[in-house]
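So the chains spell out like this:
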Amino acid sequence: MNARVSPDDRPPRILVVDADADEALLVEGYLREGLGAPDLPVRRTQTAAEARAILAEDPPDVLLLDVRAHDTEALGLLEQMRDEGSPTPAIVLTGRSNAEAALHAHRLGAAEVLVKPSLTPASLAATIRFATQLEESRRKEAETEQALRRAERQTEALVASSLDIVSILDREGRILFTSPSTEKLLGHRVETLVTRNVLEVVCPEDTAAVQAALRRCLESPGTTVSVEFGVHRADGAIRHLEALTTNLLDDPGVLGLVVNSRDVTERHRSEDTLRRLEAAVEQSASIIFLTDATGMITFVNPAFTRTFGYTREEAIGASPRLLRSGRHDDAFYADLWAELAAGNTVKTEIWNRARDGRLVIVRASITPIRDRRSAVTGYLAVQDDITERNVLNERLRLAQKMEALGHLAREVAHELDAVLSGVLSGIDAAASRIPAGSPAEPLLAEARAAAVRGAALGRELLSFGRGAPMELARVGANALLRDAAAQLRGRIGHGISLHLDLSPEAVAVTVDRRELAYALVQLADFLLESLPPGRTLTLGTTVGPLSEPGLEALALGSGKSWVILTVGDDGTPMDEETRSRLFDPFGSSRALGRGGGLGLAAPFGTVKQAGGFLFAVPAERGNLFRVYLPPAPGSILS
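A brief report on the enclosed structure follows.

### Points about the overall build of the protein chain
So, point 1. The number of helices and strands found in the protein chain is 18 helices and 22 strands.
So, point 2. By residue count, 40% of the 638 residues in the protein chain fall in the buried class.
So, point 3. About 34300 Å² of surface is accessible on the protein chain, with carbon and sulfur atoms providing 54% of the total.

### As for the sheet that holds strand β6 (residues 165–169)
So, point 1. The five strands are arranged β7-β6-β10-β9-β8 in an open sheet whose pairing can be described as antiparallel. Each end of this open sheet is capped by a strand with a single partner; those strands are β7 (175–178) and β8 (224–232). Each strand axis lies, on average, 25° off the axis of its neighbour in the sheet, ignoring direction.
So, point 2. Two strands pair when backbone bridges link them, and strand β9 (residues 238–248) and strand β10 (residues 256–263) are joined in this way by eight bridges, in the antiparallel orientation. Note on β10: the bridge partner recorded for T246 is V258.
So, point 3. Running over the sheet, helix α8 (residues 207–219) touches β6, β8, β9 and β10 and is turned about 155° from β8.
So, point 4. The strands that helix α9 (residues 265–283) touches are β8, β9 and β10; relative to β9, the one it contacts most, it runs at about 115°.

### As for the packing of helix α16 (residues 513–528) against helix α18 (residues 601–609)
So, point 1. Relative to each other, α16 and α18 sit at 145°, their axes nearing to 9 Å. Both α16 and α18 take part in a crossing whose hand is left-handed. Contacts between α16 and α18 involve E515, L516, A519, Q522 and L523 from the former and A602, P603 and T606 from the latter.
So, point 2. The class makeup of the residues in the contact of α16 with α18 is five nonpolar, two polar and one charged.

### Things to note about the side chain of T245
So, point 1. Tracing the sequence through the fold places T245 in strand β9.
So, point 2. Overall, the relative accessible area of 7% leaves T245 in the buried class.
So, point 3. Not counting the four nearest positions on each side in its chain, T245 is found in contact with C217, T223, T224, V225, L257, V258 and V259.

### Re the nonpolar core
So, point 1. Counting residues in each nonpolar core, the largest one holds 40 residues, and the members touching the most others are L565, V567, F625 and L629.
So, point 2. Listing elements by their share of this core, those giving two or more residues are α15 (477–488), β18 (508–512), α16, β19 (536–544), β20 (562–569), α18, β21 (613–618) and β22 (623–629).
So, point 3. A per-element tally of this core places α16 first, with eight residues.
So, point 4. F625 has contacts with L523, F526, L527, L565, T566, V567, L582, F583, L600, L614, F615 and A616, leaving out every residue within four places of it along the chain.
So, point 5. Counting residues in each nonpolar core, the second largest holds 22 residues, with I165, L193, V201 and L241 among its members.

### A short note on the side chain of T127
So, point 1. Tracing the sequence through the fold places T127 in helix α5 (residues 121–161).
So, point 2. Residue T127 is classed as buried on the basis of its relative accessible area of 9%.
So, point 3. Among all residues touching T127, those that are not within four sequence positions of it are I91, E112 and L114.

### Section: the environment of A602
So, point 1. Mapped onto the fold, A602 is located in helix α18.
So, point 2. Classification of A602 as buried rests on a relative accessible area of 5%.

### Observations regarding the pattern of salt bridges
So, point 1. In total, this model carries 33 salt bridges according to the counting rule given.
So, point 2. Between R358 and D356 there is a salt bridge, with its nearest N and O atoms 2.8 Å apart.
So, point 3. Salt bridges sharing partners connect three or more residues here, namely D18, E23, D66, R68 and K116.

### Here's the deal with empty space enclosed by the protein
One way to see where empty space is left: roll a probe the size of a water molecule over the atoms.
So, point 1. Scanning all chains against the criterion turns up two cavities of 30 Å³ or more.
So, point 2. By volume, the largest cavity amounts to about 280 Å³.
So, point 3. Elements with a minimum of two residues in the lining of the largest cavity: β6, β7, α6 (181–186), α8, β8, β9 and β10.
So, point 4. Roughly 30 Å³ of internal volume is contained in the second largest cavity.
So, point 5. Contributing to the lining of the second largest cavity are M574, R579, A616, V617, P618, A619, G622, N623 and L624.
So, point 6. When residues of the lining of the second largest cavity are traced back to their parent elements, those giving at least two are β21 and β22.
So, point 7. Sort the elements by how many residues they give to the lining of the second largest cavity and β21 lands first, with three residues.
So, point 8. A breakdown of the residues in the lining of the second largest cavity according to their chemical character gives six nonpolar, two polar and one charged.

### Digging into helix α12 (residues 330–341)
So, point 1. Compared with the 16 Å implied by 1.5 Å per residue over twelve residues, the 16 Å span of α12 between its first and last C-alpha is a close match.
So, point 2. Backbone geometry just downstream of α12 places G343 in the positive-phi region, at approximately 90°.

### A few points about the packing of helix α2 (residues 48–57) against helix α3 (residues 72–83)
So, point 1. Contact geometry for α2 and α3: axes closest at 9 Å, N-to-C directions at 20°. Taken together, the axis directions place α2 and α3 in an arrangement best described as roughly parallel. Contacts from A48, A51, R52 and L55 in α2 reach E73, A74, G76, L77, Q80 and M81 in α3.
So, point 2. For the contact of α2 with α3, the residue count by class is six nonpolar, two polar and two charged.

### Let's talk about the sheet that holds β21
The strands that make up a sheet are held in pairs by hydrogen bonds between backbone atoms, and each pair lies either parallel or antiparallel.
So, point 1. In spatial order, the strands read β17-β19-β20-β22-β21; together these five strands make up an open sheet with mixed pairing. Two strands lie at the open edges of the sheet, namely β17 (497–501) and β21, each paired on one side alone. On average, adjacent strands in this sheet sit at an angle of 20° to one another, irrespective of strand direction.
So, point 2. Here five bridges tie β17 to β19, and the two strands are oriented parallel to one another. Note on β19: the bridge partner recorded for L500 is L539.
So, point 3. Packed onto the sheet, α15 meets β17, β19 and β20 and runs at close to 170° relative to β19.
So, point 4. In this fold α18 packs onto β21 and β22, with an angle of close to 130° to the strand it touches most, β21.

### Description of the packing of aromatic side chains
So, point 1. The full count for this structure, using the stated rule, is nine aromatic pairs.
So, point 2. Centre to centre, the rings of W337 and Y379 are 5.4 Å apart; their planes meet at 85°, and the pair counts as edge-to-face. Residue W337 is located in helix α12, and its partner Y379 is located in strand β15 (residues 376–385); the two are separated by 42 residues in the primary sequence.
So, point 3. When the centroid spacing of 6.0 Å and the interplanar angle of 50° are considered together, the rings of W562 and F613 count as tilted. Taken as a pair, W562 in strand β20 and F613 in strand β21 lie far apart in primary sequence, 51 residues in all.

Rules used in this analysis
- Residues numbered from 1 in each chain as written.
- Predicted model: local features only at pLDDT ≥ 70, side-chain atom pairs only at ≥ 80, totals over all residues.
- Heavy atoms only, no water.
- Helix = DSSP H or I, 4+ residues; strand = E, 2+ residues; numbered from the N terminus.
- Buried < 20%, exposed > 50% of the residue type's maximum accessible area, 1.4 Å probe, protein only.
- Areas by Shrake-Rupley, 256 points an atom, 1.4 Å probe, with all protein chains shown as cover.
- Pairing = 2+ DSSP bridges.
- Axes fitted to C-alpha atoms, helices over the stretch in contact; angles between N-to-C directions.
- Contact = heavy atoms within 4.5 Å.
- Left-handed = near helix turned anticlockwise from the far one by under 90°.
- Nonpolar A, V, L, I, M, F, W, Y, C, P; charged D, E, K, R; others polar.
- Core = buried A, V, L, I, M, F, W, Y, C linked by side-chain atoms within 4.5 Å.
- Salt bridge = Lys/Arg side-chain N within 4 Å of Asp/Glu carboxyl O.
- 1 Å grid on protein atoms, 1.4 Å probe; cavity = no way out; pocket = protein on both sides within 12 Å on 5 of 7 lines; lining within 4 Å.
- Points joined across faces, edges and corners; volume = space filled by probe spheres on them.
- Expected span 1.5 Å × (residues − 1).
- Parallel < 35°, antiparallel > 145°, perpendicular 65-115°, else oblique.
- Phe/Tyr/Trp six-rings, centres within 6.5 Å; stacked < 30°, edge-to-face > 60°.

Geometry only, nothing functional implied.
Below is the structure:
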């Protein structure tokens, strides 16, 4: 049996009063066994006087009282508990069955009378449960009666002082009673409305709705019917009321339809304003979201979900931290929250990250929301996506820088070519004049090799500056990747795999085959420098539209299909800062003897000269270069 039989679901505290200590100990054992609680709180005392003191100081949940023949002290205790309305139920224990004594004990307030020789743990536990439930029932009954009396007084006070209109109508809709608030809200004196039909003050356009509500109420006694309608004030103005009507015609205490009417005119105006505001927020192109005072998101508009890729269900309840891109340090966010905590509006540019990993740059305005007591209850964030504008600015800056560097590269290349041509001629002339096996021979060979490398750098500079002509020819995209793969096979380190992911489409481009293949090799070289054994370098071809942010505004015809060449790996991804500087001349880290000194600016220039675009894009795993090239005329593209 569950020991939790007290009203508040805790083990009952029991007081056993018995002059015989052994019998009291036996009863205590029965209690613990019957209630299944070895640690049941049981207190024992031997006299009614001691029990009286305990009842006064710390009343138990149940009293077990041993009453012997002619035990006036015990019977007196029962009588006192009854007269004082003690909440503790008393169970009387007797040595023998005596109907008259049991009846007397019940009259004195005993919940039950048990005969000790017939006592068992189960019967004792059942009686305690019965006694506590009986006492709880009595307590609730008393509380209910008290609550009813209090409710009657409160109802009278509420009707007299309520801002709502409380009315009673008869079956035909005539007003039998209306509260004093009627005059305050509608300007009609109470005595001028009593006996009039309620429809006389209802606006004509709402009469049918009120009649229908009254009919529904008459057809369903005891139910409540809601209706909203306009009424004419005494001065001719119109107020809107929301009425709840309950059919109490069968209630002898009412005998009418009870109508509680509330003025909702201002609510209607607020709802209209809110509907317009909601439509503006939902249709806004700006990203709008709300948070509570702790920063948890409570609302997002459709622009939020479209821009960042999170559904409303995913965003609401989450922290705006889910948008962090890693481009801002902790100090940035600490300063932002410090300004908001000071009650200031924050306007700043934030780099966010969408669910698919895209960077989303926004111009943000974040404002604290205050209640009527000026306490901050949340924050409103309005953000405009300026990613494309920033990308366009960055592309323009890069194009201008590349144009300037290209001009410089052409000048340097021409000067370098003239110098190195003389150097190579001098070296060749010197080499022809020394005997075979001369100690100067290896030195001249080393000098010539250095001059040749310098000449190669000059050609790379000339190509970067668009000063070197390209030998354009129609070539299959897959053939370009095979050319690059052939050059890479001798350069790939031990344990690194090379995988070709070639498109089944027979697509072709018009490029300098040697230069484009070498540009792909340069990109692969860059990835191989940091690719550990066990990883894979992948070269791929496909077709599709230009999909990089902001590229659509830079490339005519970007909505059409382009040939896409990819060079990627499954190694450690580059950070955003490294990726942003990859194509700066001499800006990327290169190992000696691996590619030209221009770094990735060289393949960038080659792709650009071919009429294409080169991007280093974020990847789910590893790193990825994506080359967009226009298809050759007549290429079959899906």
